[in-house]
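Architecture and fold: a report
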Amino acid sequence: MSKDAAQSAQATADLSRTREARVPADAGDAGYSKDLKSRHVNMIAIGGAIGTGLFLGAGGRLHTAGPGLALAYLVCGVFAFFVVRALGELVLYRPSSGSFVSYAREFLGEKGAYIAGWMYFLNWSTTGIADITAIALYTHYWSLFTDIPQWTLALVALAVVLAVNLISVRIFGEMEFWFSIIKVATLVGFMLIGVFLLATRHEVGGRTPGASVITESGGVLPHGLMPVVLVMQGVIFAYAALELVGVAAGETAHPEKVVPRAVNSIMWRVGLFYVGSVVLLALLLPGSLYSADESPFVTVLSKVGVPAAGDVMNLVVLTAAMSSLNSGLYSTGRILRSMATAGSAPRFTARMNRSQVPYGGILLTCAVCVLGVGLNYLVPSQAFEIVLNIASLGVISTWVIIMVCHLVFVRRARAGLLTRPTFRLPFSPVTEITTITFLLACLAMMWNDPEVGRRTLLLIPLIGALLSAGWFGVRHRVTNPPAPEPTDPAL
(Lines give C-alpha, C1' and ligand atoms only; values in the text may rest on other atoms or scores of the structure.)
Protein backbone atom coordinates (compact mmCIF):
# COMPACT_ATOMS: atom_id res chain seq x y z
CA MET A 1 0.00 0.00 0.00
CA SER A 2 1.37 3.48 -0.91
CA LYS A 3 1.98 6.18 1.68
CA ASP A 4 -0.90 8.30 0.33
CA ALA A 5 -3.29 5.34 0.41
CA ALA A 6 -2.29 4.52 3.98
CA GLN A 7 -2.83 8.12 5.06
CA SER A 8 -6.20 8.17 3.30
CA ALA A 9 -7.25 4.93 5.01
CA GLN A 10 -6.14 6.33 8.41
CA ALA A 11 -8.10 9.54 7.81
CA THR A 12 -11.19 7.53 6.87
CA ALA A 13 -10.87 5.42 10.04
CA ASP A 14 -10.43 8.55 12.19
CA LEU A 15 -13.51 10.14 10.57
CA SER A 16 -15.49 6.98 11.20
CA ARG A 17 -14.51 6.94 14.87
CA THR A 18 -15.41 10.62 15.19
CA ARG A 19 -18.84 9.99 13.74
CA GLU A 20 -19.36 7.03 16.05
CA ALA A 21 -18.42 9.21 19.00
CA ARG A 22 -20.91 11.86 17.94
CA VAL A 23 -23.79 9.50 17.25
CA PRO A 24 -24.92 7.67 20.40
CA ALA A 25 -25.87 4.00 20.26
CA ASP A 26 -29.28 4.98 21.63
CA ALA A 27 -30.93 7.83 19.71
CA GLY A 28 -32.60 8.89 22.95
CA ASP A 29 -29.20 9.88 24.37
CA ALA A 30 -28.68 12.68 21.86
CA GLY A 31 -28.97 16.27 23.00
CA TYR A 32 -28.31 15.97 26.72
CA SER A 33 -25.93 18.23 28.61
CA LYS A 34 -23.25 16.76 30.87
CA ASP A 35 -23.86 19.11 33.79
CA LEU A 36 -24.11 16.60 36.65
CA LYS A 37 -20.93 16.67 38.76
CA SER A 38 -19.39 13.88 40.80
CA ARG A 39 -20.86 15.29 44.02
CA HIS A 40 -24.33 15.33 42.43
CA VAL A 41 -24.17 11.68 41.39
CA ASN A 42 -22.76 10.61 44.75
CA MET A 43 -25.56 12.40 46.60
CA ILE A 44 -28.16 11.01 44.18
CA ALA A 45 -26.88 7.57 45.19
CA ILE A 46 -27.23 8.48 48.86
CA GLY A 47 -30.65 10.04 48.30
CA GLY A 48 -31.80 6.87 46.58
CA ALA A 49 -30.71 4.82 49.59
CA ILE A 50 -32.27 7.05 52.26
CA GLY A 51 -35.92 8.01 52.17
CA THR A 52 -39.30 7.75 53.86
CA GLY A 53 -38.84 3.96 54.00
CA LEU A 54 -36.32 4.56 56.79
CA PHE A 55 -37.47 7.82 58.33
CA LEU A 56 -41.12 6.80 58.59
CA GLY A 57 -41.63 3.17 57.53
CA ALA A 58 -39.12 1.67 59.97
CA GLY A 59 -41.40 2.42 62.93
CA GLY A 60 -44.27 0.17 61.83
CA ARG A 61 -41.85 -2.55 60.71
CA LEU A 62 -40.03 -2.53 64.05
CA HIS A 63 -43.38 -2.95 65.79
CA THR A 64 -44.23 -5.91 63.52
CA ALA A 65 -40.89 -7.69 63.20
CA GLY A 66 -38.89 -6.49 66.21
CA PRO A 67 -35.08 -6.16 66.15
CA GLY A 68 -34.98 -8.85 63.43
CA LEU A 69 -35.88 -6.00 61.06
CA ALA A 70 -32.16 -5.21 60.92
CA LEU A 71 -31.63 -8.62 59.32
CA ALA A 72 -34.31 -7.87 56.72
CA TYR A 73 -32.64 -4.55 55.86
CA LEU A 74 -29.26 -6.26 55.62
CA VAL A 75 -30.45 -9.08 53.33
CA CYS A 76 -32.46 -6.78 51.07
CA GLY A 77 -29.57 -4.31 51.06
CA VAL A 78 -27.16 -6.96 49.78
CA PHE A 79 -29.48 -7.83 46.89
CA ALA A 80 -30.10 -4.13 46.18
CA PHE A 81 -26.32 -3.70 45.95
CA PHE A 82 -26.10 -6.60 43.48
CA VAL A 83 -28.72 -4.90 41.28
CA VAL A 84 -26.91 -1.55 41.32
CA ARG A 85 -23.53 -3.22 40.78
CA ALA A 86 -24.91 -5.02 37.71
CA LEU A 87 -26.36 -1.75 36.43
CA GLY A 88 -23.05 0.00 37.10
CA GLU A 89 -21.23 -2.52 34.91
CA LEU A 90 -23.73 -1.93 32.11
CA VAL A 91 -23.27 1.83 32.50
CA LEU A 92 -19.50 1.55 32.09
CA TYR A 93 -20.04 -0.65 29.05
CA ARG A 94 -22.26 2.06 27.51
CA PRO A 95 -23.48 5.12 29.48
CA SER A 96 -27.07 5.99 28.59
CA SER A 97 -29.75 8.30 29.98
CA GLY A 98 -32.19 5.60 28.92
CA SER A 99 -30.35 3.36 31.41
CA PHE A 100 -31.83 -0.12 31.80
CA VAL A 101 -34.48 0.57 29.11
CA SER A 102 -31.69 1.18 26.64
CA TYR A 103 -29.92 -1.99 27.80
CA ALA A 104 -33.16 -3.97 27.60
CA ARG A 105 -33.49 -2.78 24.00
CA GLU A 106 -29.99 -4.04 23.20
CA PHE A 107 -30.12 -7.36 25.03
CA LEU A 108 -33.83 -8.27 25.16
CA GLY A 109 -35.21 -6.53 22.07
CA GLU A 110 -37.80 -3.78 21.68
CA LYS A 111 -40.51 -5.72 23.48
CA GLY A 112 -38.24 -6.06 26.53
CA ALA A 113 -37.50 -2.32 26.46
CA TYR A 114 -41.21 -1.57 26.15
CA ILE A 115 -42.06 -3.65 29.24
CA ALA A 116 -39.12 -2.27 31.22
CA GLY A 117 -39.97 1.33 30.41
CA TRP A 118 -43.68 1.21 31.12
CA MET A 119 -43.27 -0.78 34.35
CA TYR A 120 -40.74 1.81 35.49
CA PHE A 121 -43.19 4.55 34.55
CA LEU A 122 -45.86 2.73 36.58
CA ASN A 123 -43.44 2.63 39.52
CA TRP A 124 -42.55 6.32 39.51
CA SER A 125 -45.91 7.75 38.50
CA THR A 126 -47.62 5.92 41.36
CA THR A 127 -44.71 6.68 43.70
CA GLY A 128 -45.17 10.31 42.70
CA ILE A 129 -48.78 10.12 43.83
CA ALA A 130 -47.62 8.59 47.13
CA ASP A 131 -45.02 11.36 47.48
CA ILE A 132 -47.39 14.28 46.98
CA THR A 133 -49.86 12.57 49.33
CA ALA A 134 -47.10 12.20 51.93
CA ILE A 135 -46.02 15.83 51.47
CA ALA A 136 -49.59 17.00 52.07
CA LEU A 137 -49.94 14.79 55.16
CA TYR A 138 -46.60 15.95 56.63
CA THR A 139 -47.43 19.60 55.96
CA HIS A 140 -50.71 19.19 57.88
CA TYR A 141 -48.55 18.44 60.95
CA TRP A 142 -48.11 22.20 61.43
CA SER A 143 -51.18 24.14 62.53
CA LEU A 144 -50.44 26.86 59.99
CA PHE A 145 -51.43 24.47 57.16
CA THR A 146 -54.17 22.46 58.90
CA ASP A 147 -57.05 24.34 57.25
CA ILE A 148 -55.63 23.98 53.73
CA PRO A 149 -57.19 20.99 51.89
CA GLN A 150 -54.87 18.01 51.39
CA TRP A 151 -55.35 18.07 47.62
CA THR A 152 -54.29 21.74 47.44
CA LEU A 153 -51.02 21.07 49.26
CA ALA A 154 -50.40 18.08 46.99
CA LEU A 155 -50.91 20.24 43.89
CA VAL A 156 -48.58 22.98 45.16
CA ALA A 157 -45.84 20.44 45.91
CA LEU A 158 -46.15 18.96 42.43
CA ALA A 159 -45.99 22.41 40.80
CA VAL A 160 -42.82 23.37 42.72
CA VAL A 161 -40.91 20.18 41.90
CA LEU A 162 -42.07 20.30 38.27
CA ALA A 163 -40.67 23.83 37.91
CA VAL A 164 -37.30 22.73 39.34
CA ASN A 165 -37.07 19.79 36.92
CA LEU A 166 -37.88 21.89 33.87
CA ILE A 167 -35.23 24.57 34.50
CA SER A 168 -32.09 22.44 34.01
CA VAL A 169 -30.45 19.19 35.05
CA ARG A 170 -27.91 21.18 37.10
CA ILE A 171 -30.72 22.67 39.22
CA PHE A 172 -32.10 19.15 39.70
CA GLY A 173 -28.66 17.95 40.79
CA GLU A 174 -28.25 20.84 43.24
CA MET A 175 -31.69 20.22 44.74
CA GLU A 176 -30.94 16.52 45.22
CA PHE A 177 -27.54 17.37 46.65
CA TRP A 178 -29.01 19.53 49.42
CA PHE A 179 -31.94 17.19 50.04
CA SER A 180 -29.41 14.40 50.62
CA ILE A 181 -27.25 16.61 52.85
CA ILE A 182 -30.28 17.24 55.09
CA LYS A 183 -31.13 13.52 55.30
CA VAL A 184 -27.58 12.39 56.00
CA ALA A 185 -26.96 15.14 58.58
CA THR A 186 -30.17 14.20 60.40
CA LEU A 187 -29.29 10.50 60.49
CA VAL A 188 -25.74 11.16 61.67
CA GLY A 189 -27.06 13.52 64.35
CA PHE A 190 -29.57 10.95 65.60
CA MET A 191 -26.97 8.18 65.64
CA LEU A 192 -24.59 10.34 67.67
CA ILE A 193 -27.37 11.03 70.17
CA GLY A 194 -28.26 7.31 70.26
CA VAL A 195 -24.65 6.25 70.87
CA PHE A 196 -24.39 8.86 73.63
CA LEU A 197 -27.56 7.51 75.29
CA LEU A 198 -26.15 3.97 75.12
CA ALA A 199 -22.71 4.93 76.40
CA THR A 200 -24.04 6.96 79.35
CA ARG A 201 -26.87 4.50 80.11
CA HIS A 202 -29.27 7.44 80.06
CA GLU A 203 -32.86 6.31 80.56
CA VAL A 204 -35.14 6.38 77.50
CA GLY A 205 -38.82 6.27 78.37
CA GLY A 206 -38.07 4.93 81.83
CA ARG A 207 -35.81 2.11 80.56
CA THR A 208 -32.04 1.77 80.55
CA PRO A 209 -30.91 1.29 76.93
CA GLY A 210 -28.75 -1.65 75.89
CA ALA A 211 -28.95 -5.32 74.98
CA SER A 212 -31.33 -5.89 77.90
CA VAL A 213 -34.01 -3.95 76.03
CA ILE A 214 -33.96 -6.66 73.35
CA THR A 215 -33.62 -9.71 75.65
CA GLU A 216 -36.41 -8.54 77.96
CA SER A 217 -38.78 -7.91 75.04
CA GLY A 218 -38.71 -11.35 73.43
CA GLY A 219 -35.28 -11.35 71.84
CA VAL A 220 -34.24 -10.60 68.27
CA LEU A 221 -37.30 -12.39 66.86
CA PRO A 222 -40.07 -11.69 69.41
CA HIS A 223 -42.81 -12.76 66.98
CA GLY A 224 -40.83 -15.44 65.14
CA LEU A 225 -39.13 -15.40 61.76
CA MET A 226 -42.25 -15.06 59.57
CA PRO A 227 -42.94 -11.35 60.34
CA VAL A 228 -39.33 -10.56 59.31
CA VAL A 229 -39.86 -12.44 56.04
CA LEU A 230 -43.17 -10.70 55.36
CA VAL A 231 -41.79 -7.17 55.78
CA MET A 232 -39.12 -7.76 53.12
CA GLN A 233 -41.42 -6.61 50.32
CA GLY A 234 -41.78 -3.26 52.07
CA VAL A 235 -38.04 -3.13 52.74
CA ILE A 236 -37.34 -3.68 49.02
CA PHE A 237 -39.52 -0.65 48.27
CA ALA A 238 -37.50 1.34 50.82
CA TYR A 239 -34.42 0.78 48.62
CA ALA A 240 -36.22 1.82 45.42
CA ALA A 241 -34.46 4.66 43.53
CA LEU A 242 -30.96 3.22 43.89
CA GLU A 243 -31.11 2.61 40.12
CA LEU A 244 -31.13 6.40 39.59
CA VAL A 245 -27.33 6.20 39.49
CA GLY A 246 -27.64 4.53 36.09
CA VAL A 247 -29.94 7.22 34.70
CA ALA A 248 -27.83 10.09 36.05
CA ALA A 249 -24.67 8.59 34.49
CA GLY A 250 -25.91 9.65 31.06
CA GLU A 251 -25.62 13.31 32.05
CA THR A 252 -22.21 13.31 33.72
CA ALA A 253 -18.98 14.01 31.85
CA HIS A 254 -16.90 11.17 33.33
CA PRO A 255 -19.12 8.19 34.18
CA GLU A 256 -16.15 5.81 34.19
CA LYS A 257 -14.81 7.63 37.28
CA VAL A 258 -18.04 8.67 38.99
CA VAL A 259 -20.19 5.53 38.74
CA PRO A 260 -17.87 2.92 40.36
CA ARG A 261 -17.26 5.23 43.32
CA ALA A 262 -20.99 5.91 43.78
CA VAL A 263 -22.00 2.25 43.40
CA ASN A 264 -19.35 0.88 45.75
CA SER A 265 -20.26 3.39 48.44
CA ILE A 266 -23.87 2.15 48.49
CA MET A 267 -22.98 -0.98 50.45
CA TRP A 268 -21.46 0.78 53.46
CA ARG A 269 -24.21 3.39 53.40
CA VAL A 270 -26.81 0.63 53.62
CA GLY A 271 -24.90 -0.99 56.48
CA LEU A 272 -24.40 2.25 58.39
CA PHE A 273 -27.65 4.11 57.83
CA TYR A 274 -30.23 1.33 57.56
CA VAL A 275 -28.88 -1.60 59.56
CA GLY A 276 -27.03 0.63 62.03
CA SER A 277 -30.07 2.84 62.64
CA VAL A 278 -32.42 -0.12 63.18
CA VAL A 279 -29.99 -1.81 65.61
CA LEU A 280 -29.66 1.47 67.50
CA LEU A 281 -33.44 1.94 67.65
CA ALA A 282 -33.87 -1.63 68.94
CA LEU A 283 -31.28 -1.06 71.68
CA LEU A 284 -32.97 2.15 72.84
CA LEU A 285 -36.63 1.06 73.02
CA PRO A 286 -38.67 -2.18 72.68
CA GLY A 287 -40.19 -2.70 69.23
CA SER A 288 -43.69 -2.65 70.72
CA LEU A 289 -43.33 1.07 71.51
CA TYR A 290 -42.76 2.05 67.87
CA SER A 291 -45.69 2.56 65.50
CA ALA A 292 -46.44 3.11 61.83
CA ASP A 293 -48.02 6.49 62.63
CA GLU A 294 -44.83 8.13 63.89
CA SER A 295 -41.21 8.26 62.84
CA PRO A 296 -39.20 5.94 65.12
CA PHE A 297 -36.63 8.71 65.51
CA VAL A 298 -39.33 11.05 66.84
CA THR A 299 -40.46 8.28 69.23
CA VAL A 300 -36.97 8.02 70.74
CA LEU A 301 -36.23 11.74 70.86
CA SER A 302 -39.59 12.56 72.44
CA LYS A 303 -38.95 9.94 75.16
CA VAL A 304 -35.76 11.74 76.20
CA GLY A 305 -37.36 15.18 76.04
CA VAL A 306 -35.53 16.64 73.03
CA PRO A 307 -37.39 19.88 72.23
CA ALA A 308 -39.06 20.22 68.81
CA ALA A 309 -38.05 16.63 67.85
CA GLY A 310 -41.34 16.15 66.03
CA ASP A 311 -40.95 19.39 64.06
CA VAL A 312 -37.39 18.59 63.00
CA MET A 313 -38.10 15.02 61.93
CA ASN A 314 -41.31 16.02 60.17
CA LEU A 315 -39.29 18.52 58.14
CA VAL A 316 -36.77 15.80 57.26
CA VAL A 317 -39.47 13.31 56.22
CA LEU A 318 -41.05 16.09 54.15
CA THR A 319 -37.64 16.64 52.52
CA ALA A 320 -37.34 12.90 51.77
CA ALA A 321 -40.74 12.91 50.03
CA MET A 322 -39.82 16.00 48.00
CA SER A 323 -36.54 14.33 47.03
CA SER A 324 -38.36 11.20 45.88
CA LEU A 325 -40.82 13.21 43.77
CA ASN A 326 -37.95 15.21 42.29
CA SER A 327 -36.09 12.01 41.35
CA GLY A 328 -39.20 10.40 39.88
CA LEU A 329 -39.87 13.26 37.47
CA TYR A 330 -36.20 13.36 36.48
CA SER A 331 -35.84 9.65 35.75
CA THR A 332 -39.15 9.08 33.96
CA GLY A 333 -38.47 12.04 31.69
CA ARG A 334 -35.24 10.40 30.48
CA ILE A 335 -36.68 6.89 30.27
CA LEU A 336 -39.72 8.02 28.27
CA ARG A 337 -37.53 9.94 25.84
CA SER A 338 -35.47 6.82 25.17
CA MET A 339 -38.70 4.91 24.52
CA ALA A 340 -40.21 7.64 22.36
CA THR A 341 -37.22 7.72 20.00
CA ALA A 342 -37.77 3.97 19.50
CA GLY A 343 -41.51 4.45 18.91
CA SER A 344 -42.82 2.74 22.06
CA ALA A 345 -43.90 5.90 23.91
CA PRO A 346 -45.95 8.94 22.79
CA ARG A 347 -43.94 11.06 20.38
CA PHE A 348 -44.23 14.26 22.41
CA THR A 349 -42.31 12.64 25.30
CA ALA A 350 -39.16 12.89 23.15
CA ARG A 351 -39.31 16.68 23.13
CA MET A 352 -36.56 18.67 24.86
CA ASN A 353 -36.46 22.33 25.85
CA ARG A 354 -33.56 24.70 25.28
CA SER A 355 -32.06 23.68 28.63
CA GLN A 356 -31.76 20.13 27.24
CA VAL A 357 -34.47 18.79 29.58
CA PRO A 358 -36.94 16.20 28.16
CA TYR A 359 -40.01 18.11 29.25
CA GLY A 360 -42.51 15.93 27.36
CA GLY A 361 -41.88 12.85 29.49
CA ILE A 362 -41.80 14.90 32.70
CA LEU A 363 -45.17 16.44 31.88
CA LEU A 364 -46.69 13.00 31.19
CA THR A 365 -45.60 11.78 34.64
CA CYS A 366 -47.02 14.97 36.14
CA ALA A 367 -50.32 14.30 34.40
CA VAL A 368 -50.60 10.97 36.22
CA CYS A 369 -49.63 12.68 39.48
CA VAL A 370 -52.47 15.15 38.91
CA LEU A 371 -54.77 12.13 39.01
CA GLY A 372 -53.23 11.55 42.41
CA VAL A 373 -54.33 15.04 43.43
CA GLY A 374 -57.86 13.88 42.55
CA LEU A 375 -57.32 10.74 44.63
CA ASN A 376 -56.33 12.97 47.54
CA TYR A 377 -59.59 14.85 47.06
CA LEU A 378 -61.79 11.72 46.89
CA VAL A 379 -60.14 9.36 49.42
CA PRO A 380 -57.51 11.35 51.37
CA SER A 381 -57.17 8.69 54.08
CA GLN A 382 -56.49 5.81 51.65
CA ALA A 383 -54.58 7.46 48.79
CA PHE A 384 -51.09 6.71 50.16
CA GLU A 385 -51.66 2.99 50.79
CA ILE A 386 -53.38 2.38 47.44
CA VAL A 387 -50.59 3.69 45.22
CA LEU A 388 -47.67 2.49 47.35
CA ASN A 389 -48.47 -1.17 46.73
CA ILE A 390 -48.93 -0.68 42.99
CA ALA A 391 -45.51 1.02 42.88
CA SER A 392 -43.90 -2.03 44.51
CA LEU A 393 -44.77 -4.10 41.42
CA GLY A 394 -42.84 -1.63 39.28
CA VAL A 395 -39.80 -1.68 41.58
CA ILE A 396 -39.46 -5.46 41.59
CA SER A 397 -40.04 -5.80 37.83
CA THR A 398 -37.42 -3.12 37.11
CA TRP A 399 -34.79 -4.84 39.22
CA VAL A 400 -35.56 -8.24 37.68
CA ILE A 401 -35.17 -6.77 34.18
CA ILE A 402 -31.80 -5.22 35.10
CA MET A 403 -30.51 -8.62 36.24
CA VAL A 404 -31.87 -10.41 33.15
CA CYS A 405 -30.15 -7.81 30.94
CA HIS A 406 -26.90 -8.41 32.78
CA LEU A 407 -27.20 -12.18 32.30
CA VAL A 408 -27.52 -11.72 28.53
CA PHE A 409 -24.70 -9.15 28.57
CA VAL A 410 -22.31 -11.58 30.30
CA ARG A 411 -23.33 -14.41 27.94
CA ARG A 412 -22.48 -12.25 24.91
CA ALA A 413 -19.19 -11.22 26.49
CA ARG A 414 -18.23 -14.87 26.96
CA ALA A 415 -19.13 -15.51 23.33
CA GLY A 416 -16.64 -12.79 22.34
CA LEU A 417 -19.32 -10.42 21.00
CA LEU A 418 -18.47 -7.59 23.41
CA THR A 419 -15.99 -6.70 26.15
CA ARG A 420 -16.89 -6.44 29.83
CA PRO A 421 -15.42 -3.49 31.76
CA THR A 422 -13.08 -4.17 34.68
CA PHE A 423 -15.81 -2.97 37.09
CA ARG A 424 -17.92 -6.14 37.28
CA LEU A 425 -20.69 -7.88 39.18
CA PRO A 426 -18.96 -10.78 40.98
CA PHE A 427 -19.90 -14.46 40.69
CA SER A 428 -22.02 -14.17 37.55
CA PRO A 429 -24.39 -15.89 36.68
CA VAL A 430 -25.03 -17.20 40.23
CA THR A 431 -25.49 -13.66 41.58
CA GLU A 432 -28.09 -12.70 38.98
CA ILE A 433 -30.09 -15.94 39.31
CA THR A 434 -30.08 -15.75 43.13
CA THR A 435 -31.17 -12.10 43.06
CA ILE A 436 -34.00 -12.75 40.59
CA THR A 437 -35.20 -15.69 42.70
CA PHE A 438 -35.16 -13.55 45.84
CA LEU A 439 -37.09 -10.70 44.20
CA LEU A 440 -39.76 -13.04 42.84
CA ALA A 441 -40.04 -14.67 46.27
CA CYS A 442 -40.65 -11.22 47.80
CA LEU A 443 -43.40 -10.71 45.25
CA ALA A 444 -44.97 -14.07 46.08
CA MET A 445 -44.86 -13.31 49.81
CA MET A 446 -47.30 -10.46 49.25
CA TRP A 447 -50.00 -13.14 48.98
CA ASN A 448 -49.74 -13.65 52.74
CA ASP A 449 -51.16 -10.16 53.27
CA PRO A 450 -54.86 -10.53 52.36
CA GLU A 451 -55.76 -6.90 53.01
CA VAL A 452 -53.29 -5.17 50.68
CA GLY A 453 -50.65 -7.51 49.25
CA ARG A 454 -53.05 -10.06 47.79
CA ARG A 455 -55.13 -7.37 46.11
CA THR A 456 -51.96 -5.91 44.64
CA LEU A 457 -50.94 -9.26 43.15
CA LEU A 458 -54.39 -9.60 41.59
CA LEU A 459 -53.58 -6.46 39.57
CA ILE A 460 -50.79 -8.29 37.70
CA PRO A 461 -53.14 -9.89 35.09
CA LEU A 462 -54.73 -6.46 34.49
CA ILE A 463 -51.34 -4.78 34.07
CA GLY A 464 -50.27 -7.61 31.73
CA ALA A 465 -53.40 -7.14 29.62
CA LEU A 466 -52.82 -3.38 29.38
CA LEU A 467 -49.17 -3.89 28.38
CA SER A 468 -50.20 -6.41 25.70
CA ALA A 469 -52.85 -4.08 24.29
CA GLY A 470 -50.37 -1.21 24.30
CA TRP A 471 -47.75 -3.27 22.49
CA PHE A 472 -50.15 -4.10 19.67
CA GLY A 473 -50.89 -0.38 19.44
CA VAL A 474 -47.26 0.72 19.09
CA ARG A 475 -45.47 -2.19 17.43
CA HIS A 476 -45.92 -0.71 13.94
CA ARG A 477 -44.14 2.44 15.12
CA VAL A 478 -41.36 0.44 16.79
CA THR A 479 -40.41 -1.12 13.46
CA ASN A 480 -40.35 2.39 11.91
CA PRO A 481 -39.35 4.67 14.80
CA PRO A 482 -39.86 8.43 14.41
CA ALA A 483 -36.95 10.83 14.17
CA PRO A 484 -35.97 12.42 17.49
CA GLU A 485 -38.02 15.52 18.29
CA PRO A 486 -36.09 18.79 17.99
CA THR A 487 -35.31 21.05 20.92
CA ASP A 488 -38.14 23.47 21.61
CA PRO A 489 -36.59 26.94 21.91
CA ALA A 490 -39.76 28.32 23.48
CA LEU A 491 -39.29 26.29 26.70
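All values reported here derive from a predicted model rather than from experimental measurement.

Put simply, the protein chain has an average pLDDT of 82, and 88% of its residues get 70 or more. Confidence, expressed as mean pLDDT per element, reaches its minimum in the protein chain at helix α1 (residues 3–22) with 41 and its maximum at helix α19 (residues 430–445) with 93. Note on residues 1–23: pLDDT under 50 across the span, and two contacts to partners over four residues away in sequence or across chains.

Under the 1.5 Å per step criterion, the end-to-end length of helix α14 (residues 255–284) is 41 Å for 30 residues, consistent within 8% with the ideal 44 Å. At Arg-269, α14 shows its largest kink, close to 30°.

By the element assignment, Ser-99 lies in helix α6 (residues 99–108). Sequence-distant contacts of Ser-99, defined by excluding residues within four places in its chain, comprise Leu-87, Gly-246, Val-247 and Ile-335.

The next point concerns unusual backbone geometry. The omega angle of the peptide bond from Ser-428 to Pro-429 is 5°, so this bond is cis rather than trans. Tracing the backbone shows Pro-429 in the loop between α18 (383–414) and α19. In this structure, Gln-356 takes a positive phi of about 65° despite not being glycine. In this fold, Gln-356 is placed in the loop between β1 (352–353) and α17 (359–378).

Time to look at a nonpolar patch on the surface. Taken together, the side chains of Trp-151, Leu-155 and Val-370 make up a nonpolar region of the molecular surface, amounting to roughly 250 Å² of accessible area. Here Trp-151 shows up in helix α8 (residues 150–167).

Rules used throughout
- Residues numbered from 1 in each chain as written.
- Predicted model: local features only at pLDDT ≥ 70, side-chain atom pairs only at ≥ 80, totals over all residues.
- Heavy atoms only, no water.
- pLDDT = per-residue confidence, 0-100.
- Helix = DSSP H or I, 4+ residues; strand = E, 2+ residues; numbered from the N terminus.
- Contact = heavy atoms within 4.5 Å.
- Expected span 1.5 Å × (residues − 1).
- Bend = angle between axes of the 7 residues up to and from the residue.
- Patch = residues over 30% accessible without salt bridge, like charges linked within 9 Å, V, L, I, M, F, W, Y side chains within 5 Å.
- Areas by Shrake-Rupley, 256 points an atom, 1.4 Å probe, with all protein chains shown as cover.
- Salt bridge = Lys/Arg side-chain N within 4 Å of Asp/Glu carboxyl O.

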